[in-house]
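As a plain string of letters, each chain reads:
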Amino acid sequence: MLIKTSTYPFGPAKKLPDDTIVQRLLSNGRFIDSYRHELIEGDEYYAPYKKGSVNLIQYMEDNRLSVFYEYDVDNIMVRARILQDGAYELFDTSQGGAGVHKGWLTEALLYLRDQEGKA
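Residues numbered from 1 in each chain as written. Predicted model: local features only at pLDDT ≥ 70, side-chain atom pairs only at ≥ 80, totals over all residues. Heavy atoms only, no water.

## Description of the packing of aromatic side chains
The test is simple: Put simply, two rings from Phe, Tyr or Trp (the six-membered ring, in Trp's case) pair if the centres are within 6.5 Å, and we call them stacked under 30 degrees between planes, edge-to-face over 60, tilted for the rest. Secondary structure is summarised from DSSP: a helix means a run of H or I of at least four residues, a strand means a run of E of at least two, and numbering begins at the N terminus for each. Using a 1.4 Å probe on the protein chains alone, a residue whose accessible area is under 20% of its type maximum counts as buried, one over 50% counts as exposed, and one in between counts as partly exposed.
Evaluated as defined, the whole model comprises 3 aromatic pairs. Residues Phe-91 and Trp-104 carry aromatic rings whose centres are separated by 6.3 Å and whose planes lie at 20° to one another, so their mutual orientation is stacked. Of this pair, Phe-91 sits in strand E7 (residues 88-92) while Trp-104 sits in helix H2 (residues 104-115), placing them 13 residues apart in sequence. Given a relative accessible area of 22%, Phe-91 falls into the partly exposed group. Since its relative accessible area comes to 7%, Trp-104 is described here as buried.

Here is the structure:
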């Protein structure tokens, strides 16, 4: 199972209340519960998303995102991309080997949202 972690101060923790419990990654690869306010810069952590707390449609609208699909001759989806303003490619399922799978759009949008402020 692949767990997507973030590095503090980036990721969802900056938007969470101080008393929210997140899972901080220890040097031995295990997770330990920690309050959000206990994280220090450079800590790797996992903060589970609560369903309903993320309005991804609003996120897409606010950032002018659109989704484009490509199909093969048998009408099987082979690639999907997320573009900003219809031109600037932000995400491509053909990169990284994951491909198009159930839940890819939610994962991609959460990833893009988490990358905001990293530059």
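## Some points on a nonpolar patch on the surface
Quick note on the threshold: Like charges within 9 Å and nonpolar side chains (Val, Leu, Ile, Met, Phe, Trp, Tyr) within 5 Å are joined into patches, using only residues over 30% in relative accessible area that form no salt bridge. Areas reported as accessible are Shrake-Rupley estimates using a 1.4 Å probe. Residue values count occlusion only from the protein chains shown. Basic side-chain nitrogens of Lys or Arg form a salt bridge, by our definition, when they fall within 4 Å of a carboxyl oxygen of Asp or Glu.
Together, Tyr-69, Tyr-71 and Met-77 make up an exposed nonpolar region whose accessible area comes to about 280 Å². For Tyr-71, the location among the structural elements is in strand E5 (residues 65-71). The exposure class assigned to Tyr-71 is partly exposed, which follows from its relative accessible area of 45%.

## Structural notes on the side chain of Ser-34
Put simply, the rule reads: Within 3.5 Å is the distance limit for a polar contact, defined as a pair of N or O atoms, with the added protein rule that one can donate a hydrogen and the other accept it, and that residues adjacent in sequence qualify only through two side-chain atoms. Two residues qualify as a contact provided that any one of their heavy atoms is within 4.5 Å of a heavy atom in the partner residue.
Positionally, Ser-34 belongs in strand E3 (residues 31-35). Assessed through its relative accessible area of 3%, Ser-34 is described here as buried. A distance of 3.2 Å separates the side chain of Ser-34 from the side chain of Arg-24, its partner in a polar contact. Ignoring anything within four residues of it in the chain, the contact list for Ser-34 reads Thr-20, Ile-21, Val-22 and Arg-24.

## Structural notes on the sheet that holds strand E6 (residues 77-84)
What counts, and what does not: Pairs of strands are assigned from DSSP output, requiring at least two bridges between the strands. Fitting a line to C-alpha atoms yields each axis, with helices limited to the stretch in contact; the angle taken between N-to-C directions then spans 0 to 180 degrees.
Read from one edge to the other, the open sheet built from 3 strands follows the order E5-E6-E7, with strand pairing classed as antiparallel. Unpaired on one side and paired on the other, E5 and E7 mark the two borders of the sheet. In this sheet, neighbouring strand axes are inclined to one another by 30° on average, regardless of whether the strands run parallel or antiparallel. Of the pairings in the sheet, the one linking E6 to E7 comprises 4 bridges and is antiparallel in character. Bridge pairing links Arg-81 to Asp-92 in E7. Strand contacts of H2: E5, E6 and E7, with the helix running at about 30° to E6, the strand carrying the most contacts.

## Here's the deal with the nonpolar core
Note the following rule: We define the nonpolar core as a collection of buried residues of types Ala, Val, Leu, Ile, Met, Phe, Trp, Tyr and Cys that are connected through side-chain atoms lying within 4.5 Å of one another.
Core analysis: the largest hydrophobic core is formed by 11 residues, namely Leu-56, Tyr-59, Met-60, Leu-65, Ala-80, Ile-82, Trp-104, Ala-108, Leu-109, Leu-110 and Leu-112. Counting only elements with at least two residues in this core, the list comes to helix H1 (56-62), E6 and H2. The greatest single-element share of this core, amounting to 5 residues, is contributed by H2. If we ignore the near neighbours within four places in the chain, the residues touching Trp-104 are Val-67, Tyr-69, Ala-80, Ile-82, Phe-91, Thr-93 and Gly-99.

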